Structure formats: C-alpha cells, structure tokens
Amino acid sequence: MAKIIEGKRCASNLKIKITRQANYLQEKHGIIPGLAVVLVGQDPASQVYVRNKGKQAKECGITSIEHKLDTNTSDQELLELIAKLNQDPVVNGILVQLPLPNHIDSAKVLKAIDSTKDVDGFHPVNVGLLSIGDKGMIPCTPLGSLMLLQEHLGDLSGKHAVIIGRSNIVGKPMFNLLLQHNCTVTVAHSRTCNLEYTIQSADIVVAAVGVPQLIKGSWLKPGAVVIDVGINRIKTALGTTKLVGDVDFDSAIDIASAITPVPGGVGPMTIACLLYNTLIATCRQHQIEMLTT
Ligand code: NAD
C-alpha cells in the first residue's frame, strides 16, 4: 500500500516558514510583502482561487491587493493596470488569474508583467532563466511538485522521471526542474504512441494531463512515486460530482510506493509556492537574504 504524500501538511509547514520570514521582514526592515492579484471577469472557479490566495496570503503576513475587473475590460486597460503595478513599490508580486476572457491576448499580458514581480513564473525571461538553471521565478505547481518529491525521496539524482503533459505551466517547467535535479526525464504528451510502455520504467511519474483517471496502477513500475497534478471534476454514480486526478488512485495505491491524493496533494502546494515566490521576490527587490529556517 502506497504512502500518501500529504500536500496539505507540507503546504502548512511551508506557510509556517513563510510567515516567519514575513514577520522578520516587517520587524527588521519595516517591509510587508505585497501581492497584487488581478481577476478579469466572473469565472466562478477563478473567483474561488483568488479568494483562497488572498486569504492565505493574509494568514502568512503578506498583503493581498485584489483588482477585480469587468469581463469587458480591454487589453489596453489591463496593460495600463499592470504598468501601474509594475511601478508600485508596495507591490512585490503580480498575479494575473488565468484563464483571461477570449478577447484578451494572454501572452501579451503575461509579458507585460515586470519579470522580477512575476510570481507565477510565466514571463519569457523567467522561462529562459529556468531553462538555463539561473535564478528566476519558478512556476508554482511544478515547484510545489518538486518540493513534495524531495520531501519524500530526498535526493532525486539518477531517477527516471516521466512527465505526462507538456504545457507551459506544468509539464515544461517540471521537465527543467527535474533535469536540474539530475533526473533522467521523459516527457509524454497527446501524441506519445504507447503511454503505458513509456511509464513502465519510471521511478517518478508526474501526471499533468487533465484526463480523469487516465493512468492505471498496472502501468506503473512497482514502487514508483506518483505526483498527480490533475484536477478533474467527474460525476459519481449517485449523480453528485467529485474531484479526481489524472491517475486512477484506487489501482495505483497498490503498486506505487507513494502517491499524492486529489484533492489535498499538489493543489495546496501550488498556493503555498505562490506565497513563497512573493517572499522571494520581495527579498530580491530589497536585496535581503532569506532566512534559512
Ligand atoms: P493542458 O491542457 O495545458 O496540457 C495537458 C497536456 O496533456 C498537454 O501537453 C497534452 O499534450 C497532454 N495530453 C492530453 N491528453 C493526453 C493523453 N491522452 N495522453 C498523454 N498526454 C496527453 O493542461 P495543464 O494546464 O498542464 O493542466 C493539466 C492538469 O493539471 C489539469 O487537470 C489541470 O486542472 C491540473 N492543474 C492542477 C494544478 C494544481 O494546482 N494542482 C495547477 C495547474 C494545472
């Protein structure tokens, strides 16, 4: 029976460290880290995410400044707000909640964010810095997934990791992170011919597909460590709905040595890493060393 990798507990521990660092910044330097969260439109899931991020930021001693804009906001209006936030000294991190309404050019908006305030790590400068292993902002979900792997496995050197999914926000940055940590990395995607065969030799499986319960326990190498990034809402036989991952948890739990649950695995780490990135951004902008503990 696999060990459950408790993302919630790991995220709570990380938030304790963030709070300690935020208190230190305020007491020693009079600085309160500031995170600006921009939400355009009424998407219910996005509204919940933004509310959660704001609440958890406050709990950690980070000021959360929410900017809620109308669905019909133009590119120009959004770009003007970002330009203002880029200049604002009390704003250390800027997050634009995705997805943006269709009429807005998301790539243009993400590029407009000052890369040193880009706490989501999506700016091309940060993408480039990650790929050359230099100091930038690392996207939150891959960073949280890496922390969970390190917490469970310690050193990742020499492990064969298979990532399923090649998106810019999860799969590709995860590839760079695991490569940096000396894994041998395979990236599978929608055109991969034999996914089952590709996964068979993996010591680490990171699933970021968006297809509910796609990966079966029988596909896994016995003892594999599974990080399930997927969040999918499905209908149950009772007519209600529930959240499941991209991995078939019930069959995987008998084969894997450790697995993240959905919900309660990668999700909580994503938010904790957003706050962690805000803290890193604040410290770098003020040229202050982070506390080590
Ligand atoms: P995406 O749609 O941008 O990318 C999905 C990737 O999966 C693509 O690269 C595609 O090639 C690949 N894929 C699709 N079908 C496949 C198949 N049958 N076999 C192999 N590969 C296939 O999705 P994303 O934004 O990377 O998100 C992936 C999942 O992770 C979603 O369920 C999303 O909700 C979830 N997610 C969770 C968090 C979190 O905090 N836990 C954060 C981001 C995304």
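Each chain has its residues counted from 1, following the order in which its sequence is written. Predicted model: local features are reported for residues with pLDDT of at least 70 only, side-chain atom pairs are reported and counted for 80 or more only, and whole-chain, interface and lining totals are derived from all residues. Note that the side-chain values use all heavy atoms of the structure and ignore hydrogens as well as water.

Nonpolar cores are built from buried Ala, Val, Leu, Ile, Met, Phe, Trp, Tyr and Cys residues. Side-chain atoms within 4.5 Å join them into one set. To sort residues, take the accessible area from a 1.4 Å probe on protein chains only and compare it with the maximum for the residue type: under 20% means buried, over 50% means exposed, and anything in between is partly exposed. Ranked by internal contacts, the top residues of the largest apolar core, which has 51 residues, are Leu35, Leu149, Leu178, Val206 and Ile227. If you tally residues by element for this core, the top one is helix α10 (residues 266-285), at nine residues. An automatic or database domain assignment supplies the residue ranges for each domain. Three or more residues apiece are contributed to this core by two domains, here domain 1 (30-114) and domain 2 (140-268). Throughout, a contact is declared for two residues whenever any of their heavy atoms are within 4.5 Å. Leave out the neighbours within four places in its chain, and leucine 178 touches Leu146, Leu149, Leu156, Ala161, Ile163, Cys183, Val185 and Val206. In this text, helices come from DSSP runs of H or I with a minimum length of four residues, and strands from runs of E with a minimum of two, each type numbered from the N-terminal end.

Segmentation of the protein chain into domains returns domain 1 (30-114) and domain 2 (140-268). The gap between the C-alpha centroids of domain 1 and domain 2 is 29 Å.

Here, two cysteine sulfur atoms that lie within 2.5 Å of each other are counted as a disulfide. Applying the stated criterion across every chain, the model contains zero disulfides. No disulfide involves cysteine 10; its sulfur sits 8.6 Å from the nearest other cysteine sulfur, which is in cysteine 273. A residue is classified by how much of its surface remains accessible, and cysteine 10, at 9% relative accessible area, is buried.

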